[in-house]
Amino acid sequence: MEIKQLLAGPRYPDDAERDALARIFNIVALGVLLALSFAVVNNLLFSQTGVPVVLPATIACVGALIACARLGRLRLASVLLAPVLLVVSTYFLLIRDGVHDTGVVLIAGTLFIGGILMRRRAFVILTIAAIVVILGTGYAEITGSLQNRLSSFTDIRYLIGICLVLLIIAIAAHFVAESLLRSLREVGEKSAALGESEARLAKMIEASPEAITIASVEDGTFILVNPAGERLCGYTREELIGNSAVKLGFYPDPEARQRLVADLQRNEVVYGREIRLRRKNGEVRDILLSAALIDFRGSKLILFQGIDITERKSAEKALREHEVMLRELAAHHDSVREGERAHIAREIHDELGQALTALKMDLSLLTLKFGEATPQIREQVQELKGRVDAIIQVVRDVATTLRPAALDLGILPGVEWLVEEFQKRSGIRCTVSVADSEVALGEDRSVVLFRIVQESLTNVSRHASARNVQILLDHDAERIRLDVEDDGVGFDVDAARRKKTFGLLGIQERVIMLRGELKITSAPGHGTRVSVSMPIEP
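Our subject in this report is the structure included herewith. This is a predicted model, so every value here is computed, not measured. (Residues numbered from 1 in each chain as written. Predicted model: local features only at pLDDT ≥ 70, side-chain atom pairs only at ≥ 80, totals over all residues. Heavy atoms only, no water.)

### Regarding the overall build of the protein chain
No. 1: On a plain count of helices and strands, the protein chain comes out with 17 helices and 10 strands.
No. 2: Looking at the 538 residues of the protein chain, the share that counts as buried comes to 36%.
No. 3: Per element, the accessible surface of the protein chain, about 32300 Å² overall, is 59% carbon and sulfur. (Helix = DSSP H or I, 4+ residues; strand = E, 2+ residues; numbered from the N terminus. Buried < 20%, exposed > 50% of the residue type's maximum accessible area, 1.4 Å probe, protein only. Areas by Shrake-Rupley, 256 points an atom, 1.4 Å probe, with all protein chains shown as cover.)

### Some points on the pairing of strand E2 (residues 222-225)
No. 1: With three bridges joining them, strand E1 (residues 211-216) and E2 adopt antiparallel strand pairing. Following the sheet pairing, Thr213 is matched in E2 by Val225.
No. 2: The loop that links E1 with its antiparallel partner E2 comprises five residues; one of these, Gly220, has a positive phi angle of about 75°. (Pairing = 2+ DSSP bridges.)

### Things to note about the sheet that holds strand E5 (residues 299-308)
No. 1: The strand order across the open sheet formed by five strands is E2-E1-E5-E4-E3, and the pairing between neighbours is antiparallel. On the outer flanks of this sheet lie E2 and strand E3 (269-278), each paired with one strand and no other. Here the strands of the sheet are splayed against their neighbours by 30° on average, with no regard to which way each runs.
No. 2: Relative to the sheet, helix H11 (residues 254-267) contacts E1, E3, strand E4 (284-296) and E5, its axis offset from that of E3 by approximately 165°. (Axes fitted to C-alpha atoms, helices over the stretch in contact; angles between N-to-C directions. Contact = heavy atoms within 4.5 Å.)

### Comments concerning the packing of aromatic side chains
No. 1: Scanning the entire structure with this criterion turns up two aromatic pairs.
No. 2: Centre to centre, the rings of Phe222 and Phe250 are 5.5 Å apart; their planes meet at 50°, and the pair counts as tilted. With Phe222 in strand E2 and Phe250 in the loop between helix H10 (245-248) and H11, the pair connects residues that are 28 residues apart, well separated along the chain.
No. 3: The exposure class of Phe222 is buried, given its relative accessible area of 6%.
No. 4: Under the relative-accessibility criterion, Phe250 is labelled buried at 6%. (Phe/Tyr/Trp six-rings, centres within 6.5 Å; stacked < 30°, edge-to-face > 60°.)

### Regarding the pattern of salt bridges
No. 1: Counting across every chain of the model gives 18 salt bridges.
No. 2: The residue Glu230 makes a salt bridge to Arg237 at a minimum N-O spacing of 3.7 Å.
No. 3: Owing to a relative accessible area of 24%, Arg237 belongs among the partly exposed residues under this scheme.
No. 4: For the salt bridge of Arg285 with Glu311, the shortest nitrogen-to-oxygen distance reads 2.6 Å. Taken together, the residues Arg285 in strand E4 and Glu311 in helix H12 (residues 310-370) connect sequence positions 26 residues apart.
No. 5: Salt bridges linked by common partners bring Arg279, Glu283, Arg285, Asp308 and Glu311 together as one network. (Salt bridge = Lys/Arg side-chain N within 4 Å of Asp/Glu carboxyl O.)

### Focus: the side chain of Asn26
No. 1: With respect to the secondary-structure elements, Asn26 resides in helix H2 (residues 16-46).
No. 2: Polar contacts involving the side chain of Asn26 include one to the side chain of Arg70, which spans 3.4 Å. (Polar contact = N/O pair within 3.5 Å; in protein donor to acceptor, adjacent residues only side chain to side chain.)

### Examining the environment of Cys163
No. 1: As for its position among the elements, Cys163 is in helix H7 (residues 156-207).
No. 2: Beyond its immediate chain neighbours, meaning those up to four positions away, Cys163 contacts Ile131, Ile134 and Leu135.

### Regarding helix H14 (residues 411-426)
No. 1: Helix length check: H14 (16 residues) gives 22 Å between terminal C-alpha atoms against 22 Å at 1.5 Å per residue, within 8%.
No. 2: Next to the buried residues of H14 lie strand E6 (429-434), helix H15 (443-464) and strand E7 (468-475).
No. 3: Trailing H14 by a residue or two, Gly427 shows a phi angle of about 75°, which is positive. (Expected span 1.5 Å × (residues − 1).)

### So, a negative patch on the surface
No. 1: A cluster of acidic side chains, namely Asp436, Asp474, Asp476 and Glu478, defines a negative patch on the protein surface.
No. 2: A relative accessible area of 61% places Glu478 in the exposed class. (Patch = residues over 30% accessible without salt bridge, like charges linked within 9 Å, V, L, I, M, F, W, Y side chains within 5 Å. Lys, Arg positive; Asp, Glu negative; His and termini not counted. Charge placed at Lys NZ, Arg CZ, Asp CG, Glu CD.)

### Observations regarding a nonpolar patch on the surface
No. 1: Taken together, the side chains of Ile142, Ile156, Ile160, Leu164, Leu167, Ile171 and Phe175 make up a nonpolar region of the molecular surface, amounting to roughly 650 Å² of accessible area.
No. 2: For the nonpolar patch, the element with the highest residue contribution is H7, accounting for six residues.
No. 3: Mapped onto the elements, Ile171 comes out in helix H7.

### A look at the nonpolar core
No. 1: Residues Leu449, Val453, Leu457, Val469, Ile471, Leu482 and Val532 are the most contacted members of the largest nonpolar core, which totals 34 residues.
No. 2: Of all the elements in the fold, those that place two or more residues in this core are H14, H15, E7, strand E8 (479-486), helix H17 (502-512) and strand E10 (528-535). (Core = buried A, V, L, I, M, F, W, Y, C linked by side-chain atoms within 4.5 Å.)

### Quick notes on the side chain of Thr137
No. 1: Residue position: Thr137 is located in helix H6 (residues 120-143).
No. 2: A relative accessible area of 3% places Thr137 in the buried class.
No. 3: Of the polar contacts made by the side chain of Thr137, one reaches the backbone oxygen of Val133; its length is 2.7 Å.

The structure is reproduced here in structure tokens:
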């Protein structure tokens, strides 16, 4: 264990590049010490001249650099190690064997070490210095300045070859080192970004107003729970982590979780599913849940995200009930209004019509009784009878507008009367197509269909500038269908809805309250079609 710690050297876990440089420097420096120690032993045993003083001096220098690195001066130690070795190599070149064997190998090793440990500018200087040492020593050998050297072996081509080899070693070592350090930097940057991303994600999960949990697929054992999740279920995080949603009885309907897990295993993601959740106090809440199957530390887990929609669903239910009540009220109002119209129409037709008819008869009696004797009275009575006839016609028109008598005979006679009156007033051609067989409709449905046709024809005469109108009345065993289509200028349906046109709104509400469907199709320049479909029976 101590040897392993010795080889490992100092660690820098927060800086991948510095940590790698420390390891490399430590291994290289210890290797150099081992090699120097072997050289000392070799000289003691086999050399007749003894141990060169440069060897123990170099051992001391390298030991000092190792100590310097362990004290935190790693970059300084890395920069100085190669120059120290270059000095030793120069010594062996000059003193021992010229540009041969040991010295050249030492310089090659020095350049390799420098290429790994030194930065580019310092390494360029080291390489130039090494080349200068080789060329200078070689030139001294060739000229004979160095005595007792194998100068006959050393020549210009040999020096150039050695320099080229050294340059290749230097460049290769440096590029390998730079590539390694660049990779380490990229890994460090990615690792730092991933640490940062995880921290940001953790903060987002903690601060999320939505409940977020991570649990096992099998039984919902909780791995992670955020504060919103605690508030949602009523349990503390300590009570949840390591515990199972199944054991805690989270799901009032266990099959709901089974369906959710099955869908996740098939699709990996589930969005916006409503489920029921039982809280710690036993209260059951409605939850809008989204879930995804994720890989977490080598295992398949489920990421849940949910919000409590109990109050929202209660409000929606209350709103729907309120809408139903309003529609029922509107239907009752329309029913009462139609009843009042029918009653007023009958009263006007029967009572006022009879009174006017009696008045006309009385005027006729006056003419018979006094007309021969008093011509002036006869003329005035005739004028009064004309006025009474006009009033009788107005009464009939008002009664018919309130409640056409033809409608009492069924929807088809009522529509035919309405179309006839429409053509007289507007001059627009209108055709009616009906099913082969008659249909027996209740009073309320007949009145609603009649009013829809009436409203549609009113809109045609006011806005459409149409030349033709087609009305289709058809049915099957269960539903009746009405289509009113014109060839007019048309309009923008969406724009009309945004303006909240009460004519369209009234038609729609009349259809909805009878469980029917309404579709209005139109576009500028393409006419308009109003389509209604509703059940024959209530």
